[in-house]
Amino acid sequence: MTKDLPLRKIIHVDMDAFYASVEQLDNPELIGKPLAVGGGEKRGVVSAASYEARKFGVRSAMSGYMAKRNCPDLIFVPPRFDRYKEISQKIRAIFFDYTDLVEPLSLDEAYLDVTVNKKGNPSASLIAKEIRDRIFNELGLRASAGISINKFIAKVASDYNKPNGQKTVNPEEVLAFLEALEIRKFYGVGKVTAEKMYKVGIFTGLDLKNKSLEFLENNFGKSGTYYYHVVRGIHNSPVKPNRIPKSVGAERTFNENLSSEIFMLERLENIASELERRLKKSKIAGKTITLKIKYSDFTLQTRSKTIAYFIADKDLILEIAKELLYQEKLENSVRLLGISLANLNTPDKKKPEQESISVQLRFQF
């Protein structure tokens with residue numbers, strides 16, 4: 001074990017059912033009722049669901065039709081992103097009272113590095129509790145938190161006692177915590193990867209830890225290296241106040257399925273215009289263009305092309321998106337199209353993961 005690795009105090013704060021909770025906050029008649037933010041019509045999609053709705057199996061990204069079938073009493077409300085952003089900014093203002101090292105992941109979650117903090121409080125657990133109390137007392141919303149030595153473990157821990165709870169994983173508890181964890185609860189292991197892991201006998205963190213680096217790389221590629229390290233508590237990515245985006249995109253879901261490329265071209269032009277606006281607002285460009293196609297049966301396909309120069313111009317983006325559209329015959333009618341740009345002209349400040357761990361120190365959490 002290496003003694004010179006940084007031992008941080010990281011908090012991951014995750015708002016509980018954020019969009020739905022804001023709607024219930026603004027309209028008390030919705031409190032305690034199954035609620036979905038999104039569209040309940042034939043083509044609608046659930047953006048977020050209240051905990052009352054989740055009891056019926058309603059989840060984000062579920063079709064409105066399926067959600068209503070699962071929960072006939074489900075109430076749909078249209079999303080109000082300006083309002084969610086307004087509340088999110090107030091939440092972040094609370095975070096900044098404690099540290100300037102705040103890395104937002106989305107409107108409703110963020111990492112905080114409180115190793116050295118503005119309150120001079122040596123206990124990250126007490127800081128997390130104070131932040132959650134302030135969010136509730138000042139804004140009327142509930143949050144959960146995870147506290148540990150790095151971002152990966154804090155992220156996993158924040159889901160441990162949801163809703164309205166927190167979980168601290170102290171340095172000396174890290175390895176045992178990870179070994180006992182179900183593999184599907186590892187951040188970065190989705191449903192497809194979990195099924196693949198089950199097939200090779202990996203069901204828990206301990207099972208994962210018992211696999212060699214070579215085995216994991218052979219079965220999971222570059223992700224295998226990531227899994228090998230995180231199960232050993234190694235994840236040295238710092239909290240980055242200004243996160244560098246890996247891609248920028250825009251997409252649209254259509255009211256009716258599209259079966260003709262001619263109709264799709266008009267939609268792609270609108271999407272390319274929105275993407276250009278976002279790129280220019282962020283003052284970035286990219287080399288890799290990806291066309292996202294979601295078919296009427298909900299299967300997803302992506303087609304990508306990397307060029308030799310950076311682009312952010314709508315016409316150039318659209319030209320390549322058209323090329324990707326005609327690359328091969330469509331498998332079915334289309335319900336969603338999206339265009340994204342990656343391989344951006346932003347500085348890459350990533351540092352290689354270190355292959356050793358230092359969790360033996362006692363640290364007041």
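This one's a predicted model, so the numbers in the text were calculated from it and none came from an experiment. (Residues numbered from 1 in each chain as written. Predicted model: local features only at pLDDT ≥ 70, side-chain atom pairs only at ≥ 80, totals over all residues. Heavy atoms only, no water.)

**Q** Mind laying out the overall build of the protein chain, listing which residues take part and the relevant values?
**A** A tally of helices and strands in the protein chain yields 13 helices and twelve strands. Its C-alpha atoms give the protein chain a radius of gyration of 22 Å, near enough to 21 Å, the size a compact globule of 365 residues would have. Based on the C-alpha atoms only, the size of the protein chain along its principal axes is roughly 65 × 55 × 45 Å. Per-residue burial over the protein chain gives 45% buried out of 365 residues. (Helix = DSSP H or I, 4+ residues; strand = E, 2+ residues; numbered from the N terminus. Rg over C-alpha atoms; globule rule 2.2 N^0.38 Å. Buried < 20%, exposed > 50% of the residue type's maximum accessible area, 1.4 Å probe, protein only.)

**Q** Could you give an account of unusual backbone geometry, naming the residues involved and the relevant values?
**A** In this model, K162 is joined to P163 through a cis peptide bond whose omega is -10 degrees. Checked against the element boundaries, P163 lands in the loop between α6 (151-158) and β8 (166-168).

**Q** Now, about the pairing of strand β5 (residues 102-106): what can you tell me, with residues and values included?
**A** Relative to strand β6 (residues 109-113), β5 runs antiparallel, the two sharing four bridges. Residue pairing across strands places E103 opposite Y111, the latter belonging to β6. The loop that links β5 with its antiparallel partner β6 comprises two residues. (Pairing = 2+ DSSP bridges.)

**Q** Explain the pairing of strand β2 (residues 35-38) to me, and be specific about the residues and the numbers.
**A** For a regular strand, side-chain orientation follows a simple rule: the groups alternate between the two sheet faces. Here β2 shows two buried faces, one formed by L35 and V37 and the other by A36 and G38. In terms of strand pairing, β2 meets strand β3 (residues 46-49) through three bridges, oriented antiparallel. Note on β3: the bridge partner recorded for A36 is A49.

**Q** Tell me about the pattern of salt bridges, and please be specific about residues and values.
**A** Tallying each qualifying case throughout the model produces 21 salt bridges. In this structure, E274 engages R278 in a salt bridge whose closest nitrogen and oxygen atoms are separated by 2.7 Å. Of this pair, E274 and R278 both sit in helix α12 (residues 261-282), four residues apart, roughly one helical turn. Given a relative accessible area of 15%, E274 falls into the buried group. Taking the relative accessible area as the measure of exposure, R278 reaches 32% and is therefore partly exposed. Across the salt bridge formed by K280 and E276, the nearest N and O atoms sit 3.4 Å from each other. In this pair, K280 and E276 are both assigned in helix α12, four residues apart and thus about one turn of the helix distant. Under the relative-accessibility criterion, E276 is labelled buried at 17%. (Salt bridge = Lys/Arg side-chain N within 4 Å of Asp/Glu carboxyl O.)

**Q** Please set out the packing of aromatic side chains residue by residue, giving values where relevant.
**A** One pass over the structure, following the stated rule, counts eleven aromatic pairs. Aromatic pair F152 and F186: ring centres 5.8 Å apart, planes at 45 degrees, arrangement tilted. Of this pair, F152 sits in helix α6 while F186 sits in the loop between α7 (174-180) and α8 (191-199), and the two are 34 residues apart along the sequence. By relative accessible area, F186 is classed as buried at 3%. One aromatic cluster is present, built from ring pairs that chain together F152, F186, F220, Y226 and Y227. It is K211 that lies over the ring of F215; its NZ or CZ is 4.8 Å from the centre. Looking at R232, its charged tip hangs above the ring of Y228, at a distance of 3.8 Å from the centre. (Phe/Tyr/Trp six-rings, centres within 6.5 Å; stacked < 30°, edge-to-face > 60°. Lys NZ or Arg CZ within 6 Å of the ring centre and 35° of its normal.)

**Q** Provide a residue-level description of the sheet that holds strand β1 (residues 10-15), including the pertinent values.
**A** Spatial ordering of the open sheet is given by β5-β6-β1-β7-β8, a layout of five strands whose pairing is mixed. The outermost strands of the open sheet, each flanked by one partner alone, are β5 and β8. Strand after strand, the sheet turns through a mean of 15 degrees between neighbouring axes, direction not considered. Pairing of β1 with β6 involves five bridges; the strand directions are antiparallel. In the strand pairing of β6, D14 is matched with E109. Its contacts with the sheet put α6 on β1, β5, β6, β7 (143-148) and β8, and the angle it makes with β7 is roughly 145 degrees. (Axes fitted to C-alpha atoms, helices over the stretch in contact; angles between N-to-C directions. Contact = heavy atoms within 4.5 Å.)

Purely geometric stuff here, so don't read any function into it on its own.
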